[in-house]
Amino acid sequence: MVIEGNLSSEQLQFFDSHGYLVLESFASPEEIESMRKRMEQLLAEFDFSSAASIFSTKNQQETTNDHFFESAEKISFFWEEKAFDEDGNLKQPKQLSINKVGHALHDKDAVFNKFSSSDKVSSMLWSLGYQRPVVVQSMYIFKQPGIGGEVVPHQDNSFLYTEPTTCTGLWLALEDATIVNGCLWAIPGSHKNGLVRRFLRDENGVHFDKPSPCYNQKDFVALEVKAGSLLVIHGDLVHQSFENQSSKSRHAYSLHVVDTNGCKWAEDNWIRRNVDPEPLYGS
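Conventions adopted
- Within any chain, residue numbers begin from 1 and follow the written order of that chain's sequence.
- Local features are withheld for residues below a pLDDT of 70 in this predicted model, meaning they are given only at 70 or higher, and side-chain atom pairs are given and counted only at 80 or more; totals for whole chains, interfaces and linings count all residues.
- Each side-chain value is worked out from all heavy atoms of the structure, with water and hydrogens disregarded.
- Per the convention used, a helix needs a DSSP run of H or I reaching at least four residues, while a strand needs a run of E reaching at least two, with both numbered from the N terminus.
- Radius of gyration here is computed from C-alpha atoms only, and the compact-globule reference equals 2.2 Å multiplied by the residue count raised to the power 0.38.
- Each residue is assigned to one of three classes by its accessible area relative to the maximum for its type, calculated with a 1.4 Å probe on protein chains only: buried under 20%, partly exposed between the two thresholds, exposed over 50%.
- In what follows, a contact means two residues having at least one pair of non-hydrogen atoms within 4.5 Å.
- Surface accessibility in these figures is a Shrake-Rupley result with a 1.4 Å probe; residues are shielded only by whichever protein chains are displayed.
- Asp and Glu are treated as the negative residues and Lys and Arg as the positive ones, with His and the ends of the chain left uncounted.
- For the purpose of locating charges, the reference atoms are NZ of Lys, CZ of Arg, CG of Asp and CD of Glu.
- Here a pair means two rings of Phe, Tyr or Trp (six-membered ring of Trp) with centres within 6.5 Å. Their orientation is stacked below 30 degrees between planes, edge-to-face above 60, and tilted elsewhere.
- Counted as a polar contact is a pair of N or O atoms within 3.5 Å, where, for protein atoms, one must be capable of donating a hydrogen and the other of accepting one, and residues adjacent in sequence contribute only when both atoms are in side chains.
- Note on terminology: a nonpolar core comprises buried Ala, Val, Leu, Ile, Met, Phe, Trp, Tyr and Cys residues joined through side-chain atoms within 4.5 Å.
- Here, a strand pair is defined by DSSP locating no fewer than two bridges between the strands.
- Each axis is a line fitted through C-alpha atoms, taken for helices only over the stretch in contact, and angles between the N-to-C directions span 0 to 180 degrees.

1. Some remarks on the overall build of the protein
Part 1 of the reasoning: Counting secondary structure elements, the protein contains 7 helices and 16 strands.
Part 2 of the reasoning: At 18 Å, the protein has a C-alpha radius of gyration in line with the 19 Å of a compact globule built from 283 residues.
Part 3 of the reasoning: In terms of overall dimensions, the protein has a C-alpha envelope of 55 × 45 × 45 Å along the principal axes.
Part 4 of the reasoning: A buried classification covers 53% of the 283 residues belonging to the protein.
Part 5 of the reasoning: Restricting to contacts in the protein with at least 6 residues of sequence separation, those with at least 24 account for 85%.
Part 6 of the reasoning: Within the structure as shown, the protein displays about 13200 Å² of accessible surface, and the carbon and sulfur contribution to it stands at 49%.
Part 7 of the reasoning: When the 26 positive and 39 negative side-chain charges of the protein are each reduced to one mean point, those points stand 1 Å apart.

2. Quick look at the packing of aromatic side chains
Part 1 of the reasoning: With the rule as written, the count across this model stands at 17 aromatic pairs.
Part 2 of the reasoning: Aromatic side chains phenylalanine 14 and tyrosine 20 sit 5.7 Å apart centroid to centroid with 80° between the ring planes, which places their arrangement in the edge-to-face category.
Part 3 of the reasoning: For phenylalanine 14, a relative accessible area of 31% corresponds to the partly exposed category.
Part 4 of the reasoning: Both rings, one in phenylalanine 68 and one in tryptophan 270, keep their centres 4.5 Å apart while their planes meet at 40°; by these two values the pair is tilted. Of the two residues, phenylalanine 68 is situated in helix H4 (residues 66–70) and tryptophan 270 in the segment after strand S16 (264–265); the sequence distance between them amounts to 202 residues. Of the two residues examined, phenylalanine 68 and tryptophan 270, each falls in the buried class.
Part 5 of the reasoning: Members of the aromatic cluster, joined through ring pairs, are Phe26, Phe112, Phe115, Tyr140, Phe142 and Tyr253.

3. Re the side chain of histidine 106
Part 1 of the reasoning: Of note, histidine 106 is situated in helix H5 (residues 105–108).
Part 2 of the reasoning: Overall, the relative accessible area of 5% leaves histidine 106 in the buried class.
Part 3 of the reasoning: In terms of polar contacts, histidine 106 uses its side chain to reach the backbone carbonyl oxygen of valine 135, at 3.3 Å.
Part 4 of the reasoning: When sequence neighbours within four positions are dropped, the list of residues in contact with histidine 106 reads Phe112, Asn113, Ser116, Val135, Val136, Gln137, Ser138, Tyr253, Leu255 and Arg273.

4. Topic: the nonpolar core
Soluble globular proteins tend to pack their nonpolar side chains together in the buried interior.
Part 1 of the reasoning: Ranked by size, the top nonpolar core spans 37 residues in total, and within it Met39 and Phe115 carry the most contacts.
Part 2 of the reasoning: Top contributing element to this core by residue count: helix H2 (residues 29–45), with 5 residues.
Part 3 of the reasoning: Beyond its immediate sequence surroundings of up to four residues, phenylalanine 115 is in contact with Phe26, Ala27, Glu31, Met35, Lys120, Val121, Leu172, Tyr253 and Leu255.
Part 4 of the reasoning: Counting residues in hydrophobic clusters, the runner-up holds 19 residues, among them Tyr20, Ala177, Ile187 and Leu237.

5. Digging into the sheet that holds strand S12 (residues 221–223)
Part 1 of the reasoning: In space, the 4 strands of this open sheet follow the order S6-S14-S9-S12, with antiparallel pairing throughout. Each edge of the open sheet carries a strand with a single partner, namely strand S6 (151–154) and S12. Within the sheet, the average angular offset between the axes of one strand and its neighbour, ignoring direction, is 25°.
Part 2 of the reasoning: In this structure, strand S9 (residues 184–186) lies alongside S12, joined through 3 bridges in antiparallel fashion. Among the inter-strand pairings, alanine 186 is bridged to a residue of S12, identified as valine 221.

Below, the structure written as structure tokens:
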């Protein structure tokens, strides 16, 4: 298989110095529509009386359970923290109460697989130097109007650690992402300071090995993007998003990729797969 990189030297230089890159119109309106329609179907079919758990980046340790662990190889649904009233009932329809769906959409669903394993994704990873990339997780993130939860400052390599580190986040806006509806924010160049902590799994569950550093909010820049734009995020880039307090959702499809050539998946990562993922390309 012959792959040609699709990033210019200017784009690679920007990514190298800033730790992120915006690729406008990466997905076509038809691709966006097909993923959004498919998610509508999945939600319509989802029986919410069955297992689902609340997703929170603030209380990650408490809310990580078997449902979360098993989602590594399934399509699983996670609620917003603020979706329920005091009696444990949903305050609004399930379609407006889900935080995200993960973590194997790219594996288990034909529509999401089509985008995730597309030539343009492979070409871009080739440009970034990936030899044998695998998608280790995928998420459809809703950022619901009014209750879309905050995502605290983090680095993707903390959660998806390889030796040496190779994680890159691919964050596709399925709707316009603005300051008002909870776009991503990042500290440009923060990837150059290396990884500050890891999220580990052991017999007692999961925990961070160190407390989070305090970041100065003045250092973050807003990454406002139009629907169809892809944000490429270095695994050590510090990024976050705030609550969505607007009346408009901010849907996104996110993939995380690691290399499997000459590097090792850490056994104490939260994701433990029974079946090794197929590489997008490779020797």
